[in-house]
Amino acid sequence: MIAGIRARLEELEGSELDARPSELHVVLCWLVQGEIPIDDGELNAARRRAMFVLAAGGDPHRDVGVDSIAAERLADELDTPERRALLASSLEELPADDLPSVAAAVEALRADPELAWRSFALSLLADELADE
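Below: a short report on this structure. (Residues numbered from 1 in each chain as written. Predicted model: local features only at pLDDT ≥ 70, side-chain atom pairs only at ≥ 80, totals over all residues. Heavy atoms only, no water.)

1. Quick look at helix α6 (residues 100–111)
Point 1. Taking 1.5 Å of rise per residue, the 12 residues of α6 would be expected to cover 16 Å, and the 16 Å separating its terminal C-alpha atoms lies within 8% of that figure.
Point 2. All of the buried residues along α6 are S101, V102, A105, V106 and L109. In a view along the axis of α6, the buried residues occupy a sector of 135 degrees, so they form one face of it. Turned more than 90 degrees from where α6 packs its buried face, P100 and A111 sit exposed. (Helix = DSSP H or I, 4+ residues; strand = E, 2+ residues; numbered from the N terminus. Expected span 1.5 Å × (residues − 1). Buried < 20%, exposed > 50% of the residue type's maximum accessible area, 1.4 Å probe, protein only. Arc of directions from axis to C-beta.)

Below you can see the structure in the form of structure tokens.
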């Protein structure tokens, strides 16, 4: 698994995402989603409610940021101290020390747990949007 993640981190380092740090944050959180266990029923129900919030605000396929009401709603619903701790440790374990842009993004997430948690929630919401 580490080799696969390392290859993705190297791709991110060479991408244009470092110019859009919020997108890079979401992708990094997406990479560690599997390390944060959330019951499928709880996750699906919370994502469905977030999608309703998103749809109520207009086009549900528009760009959504970490400060969107839908992402905040999902983050709030799924928030537990245990999940935040797992997210922090999973981000810390990413093998990115020699990848300057990725390492800076990981450090920004580690320095701001609220940003990390909202980015994680947005990564979960992005999965839902991609399925539609």
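Moving on from the coordinates now.
2. With respect to helix α3 (residues 40–56)
The periodicity of an α-helix, 3.6 residues per turn, causes residues three or four positions apart to be oriented the same way.
Point 1. The end-to-end C-alpha distance of α3 is 24 Å, a good match for the 24 Å that 17 residues give at a rise of 1.5 Å each.
Point 2. Three or more residues of α3 are buried, namely L43, A45, A46, R47, A50, M51 and L54.
Point 3. Capping the start of α3, D39 holds a side-chain oxygen 3.0 Å from the backbone nitrogen of G41, two or three residues further along. (Polar contact = N/O pair within 3.5 Å; in protein donor to acceptor, adjacent residues only side chain to side chain.)

3. Some details on the pattern of salt bridges
Point 1. The full count for this structure, using the stated rule, is 10 salt bridges.
Point 2. A salt bridge links R6 to E10, with the nearest nitrogen and oxygen atoms 2.8 Å apart. Here R6 and its partner E10 are both found in helix α1 (residues 2–13), 4 residues apart, which amounts to about one turn of the helix.
Point 3. You can call E10 partly exposed: its relative accessible area is 40%.
Point 4. Close ionic contact of R49 with E77 constitutes a salt bridge, the shortest N to O distance being 2.5 Å. (Salt bridge = Lys/Arg side-chain N within 4 Å of Asp/Glu carboxyl O.)

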